[in-house]
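Breakdown of the fold
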Amino acid sequence: MSATHINERPFLGYGLGLRKDHYEAVLQDRPAVDWFEIISENYMVNGGKPLHYLDRIREHYPMVMHGVSLSIGSTETLDLDYLNRLKTLIARVEPAWFSDHLCWTGVQGVNLHDLMPLPYTEEAIAHVVERVQRVQDHIGRQMLLENVSSYVSYSDSQLSEWEFLCEVAERADCLILLDINNIYVSAFNHNSDPDRYLRAMPAERVYQFHLAGHTRQDDLIIDTHDQPIADPVFELYAAAVQHFGRVSTMIERDDNIPPLPELLDELARVRRIAEHQLKEQVA
Ligand SMILES: [Fe+2]
């Protein structure tokens with residue numbers, strides 16, 4: 001497995017996260033969404049309504065799968081049962097790709113229900129690389145790793161977050177899901193440069209962008225996914241398109257979910273911004 005050349009990066013267009021609130025509207029109205037991202041864990045079951053809707057919607061739209069509980073950075077052993085269920089779902093959905101977060105979510109059986117950052121050290125790189133390789137071998141495909149929002153940092157860290165992500169991706173030979181909102185949130189919280197983050201990424205490995213809303217509380221921004229995308233994140237997105245070119249982009253909305261037409265309007269704005277940047281590049 002190896003990262004493809006930047007020109008060969010697949011481009012799905014502009015998508016949304018598939019949420020149960022919109023199942024019926026998606027099936028009835030067939031909105032002009034290029035693709036959907038599903039949360040893998042919502043469908044790693046043996047039956048029931050979610051799978052029923054998933055199969056019917058998949059007939060009409062390309063999909064990618066996004067996981068939240070692989071816990072690739074944890075010191076717990078990799079959960080083989082989880083990986084087997086993930087593999088089964090991948091065979092069912094035939095997604096363009098699957099992803100999870102560069103984080104840890106718990107230890108010693110305790111799930112923190114949060115995506116915790118790792119210390120950016122050589123030891124952590126070696127640990128995560130070995131685990132990503134095992135996941136990719138088990139699933140038989142490359143995976144995408146996503147940068148998380150963070151509110152804390154470790155005094156042990158020797159590298160920046162972007163150096164850490166690059167090293168992991170290169171050594172594990174995996175791909176990258178860049179969450180533009182997360183870059184903005186972490187840069188604000190840690191007083192770092194979001195443009196520097198973008199410029200450091202190996203472009204040929206960046207297969208997907210996430211966009212989402214956040215909530216500002218004085219000197220801290222929380223990655224809440226319950227608001228429209230903020231203007232500075234749109235600006236960073238424009239810079240990302242300028243830098244990377246065409247990258248499959250979607251909006252994550254997980255709380256305070258509006259009616260589908262509202263998200264379609266927001267997605268239309270995403271598309272306009274990207275197409276404008278791409279036209280400028282050609283000119
Ligand atoms: Fe994300």
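Here the structure is a predicted model, which means the values were calculated and not measured. (Residues numbered from 1 in each chain as written. Predicted model: local features only at pLDDT ≥ 70, side-chain atom pairs only at ≥ 80, totals over all residues. Heavy atoms only, no water.)

Along the protein, the regular secondary structure elements total 9 helices and 12 strands. Taking 283 residues into account, the globule formula puts the C-alpha radius of gyration at 19 Å, and the protein, at 18 Å, falls close to it. Projecting the C-alpha coordinates of the protein onto the three principal axes gives extents of approximately 50 × 50 × 40 Å. The buried share of the protein, taken over its 283 residues, is 53%. Put simply, of all contacts in the protein between residues at least 6 apart along the chain, 80% involve residues at least 24 apart. Of the roughly 13000 Å² of accessible surface on the protein, a fraction of 47% belongs to carbon and sulfur atoms. (Helix = DSSP H or I, 4+ residues; strand = E, 2+ residues; numbered from the N terminus. Rg over C-alpha atoms; globule rule 2.2 N^0.38 Å. Buried < 20%, exposed > 50% of the residue type's maximum accessible area, 1.4 Å probe, protein only. Contact = heavy atoms within 4.5 Å. Areas by Shrake-Rupley, 256 points an atom, 1.4 Å probe, with all protein chains shown as cover.)

Between its first and last C-alpha atoms helix 4 (residues 122-139) spans 26 Å; for 18 residues at 1.5 Å apiece the expected length is 26 Å, and the two agree. The complete set of buried residues in helix 4 reads Ala 124, Ile 125, Val 128, Val 129, Arg 131, Val 132, Val 135, Gln 136 and Ile 139. Looking at the buried residues of helix 4, the elements they touch are helix 3 (80-93), strand 4 (98-101), strand 7 (144-146) and helix 5 (161-172). Phi turns positive, to about 85 degrees, at Gly 140, one or two residues after helix 4. (Expected span 1.5 Å × (residues − 1).)

On to unusual backbone geometry. Look at Asp 173: it is not a glycine, yet its phi comes out positive at around 55 degrees. Mapping Asp 173 onto the fold places it in the loop between helix 5 and strand 8 (175-179). Here Asp 173 falls in the buried class, since its relative accessible area comes to 14%. In this structure, Asn 256 is a non-glycine residue whose phi angle is positive, near 50 degrees. In this fold, Asn 256 is placed in the loop between strand 12 (248-252) and helix 9 (260-282).

Burial of nonpolar side chains together is a common tendency in soluble globular proteins. In terms of nonpolar packing, the biggest core is built from 81 residues, with Ile 57, Leu 178, Met 201, Phe 209, Tyr 237 and Phe 244 touching the most fellow members. The dominant element in this core, judged by the number of residues it contributes, is helix 8 (residues 231-244), at 8 residues. Leaving out residues up to four positions away in the same chain, Tyr 237 has contacts with Tyr 14, Ile 180, Phe 209, Leu 211, Thr 249, Val 270, Ile 273 and Ala 274. (Core = buried A, V, L, I, M, F, W, Y, C linked by side-chain atoms within 4.5 Å.)

Time to look at the coordination of the iron ion. Looking at the metal site, the iron ion is ligated by Glu 146 (OE), Asp 179 (OD), His 210 (ND1) and Glu 252 (OE), spaced 2.0 to 2.3 Å from it. Bound by 4 donor atoms, the iron ion shows angles of 87 to 178 degrees at the metal and therefore irregular coordination geometry. Here the donor residues of the iron ion are spaced in sequence according to E-x32-D-x30-H-x41-E. Here the residue Glu 146 occupies a position in strand 7, and Asp 179 occupies one in strand 8, the gap between them amounting to 33 residues. Classification of Glu 146 by relative accessible area gives buried; the value is 1%. Judged by its relative accessible area of 0%, Asp 179 is buried. (Donors = N, O, S within 2.8 Å, 3.2 Å for Na, K, Ca; no water. Tetrahedral: all angles 85-135°; square planar, octahedral: opposite > 155°, others 65-115°.)

Attention shifts here to the pairing of strand 1 (residues 14-17). Of the two faces of strand 1, the one holding Tyr 14 and Leu 16 and the one holding Gly 15 and Gly 17 are both buried throughout. Here strand 1 runs beside strand 12; their pairing, made up of 3 bridges, is parallel. Considered in strand 12, the bridge of Leu 16 is made with Ile 251. (Pairing = 2+ DSSP bridges.)

Moving on, we come to the side chain of Gln 142. Checked against the element boundaries, Gln 142 lands in the loop between helix 4 and strand 7. Gln 142 sits in the buried class, given a relative accessible area of 16%. A polar atom in the side chain of Gln 142 sits 2.9 Å from the backbone oxygen of Asp 173. (Polar contact = N/O pair within 3.5 Å; in protein donor to acceptor, adjacent residues only side chain to side chain.)

On to the packing of aromatic side chains, then. What the rule picks out here adds up to 8 aromatic pairs. Residues Tyr 23 and Tyr 53 carry aromatic rings whose centres are separated by 4.7 Å and whose planes lie at 20 degrees to one another, so their mutual orientation is stacked. Linking Tyr 23 in helix 1 (residues 23-29) with Tyr 53 in helix 2 (residues 49-58), this pair joins segments that are 30 residues apart in sequence. Tyr 23 sits in the buried class, given a relative accessible area of 8%. (Phe/Tyr/Trp six-rings, centres within 6.5 Å; stacked < 30°, edge-to-face > 60°.)

Along an α-helix, residues three or four apart share an orientation, since each turn contains 3.6 residues. With 14 residues, helix 3 should cover 20 Å at 1.5 Å per step; its first-to-last C-alpha distance of 20 Å lies within 8% of that length. Listing the buried residues of helix 3 in full gives Tyr 82, Leu 83, Leu 86, Leu 89, Ile 90 and Val 93. Projected onto a plane normal to the axis of helix 3, the buried residues spread over an arc of 125 degrees and lie on a single side. Facing away from the buried side of helix 3 by more than 90 degrees, the exposed set consists of Leu 80, Thr 88 and Ala 91. (Arc of directions from axis to C-beta.)

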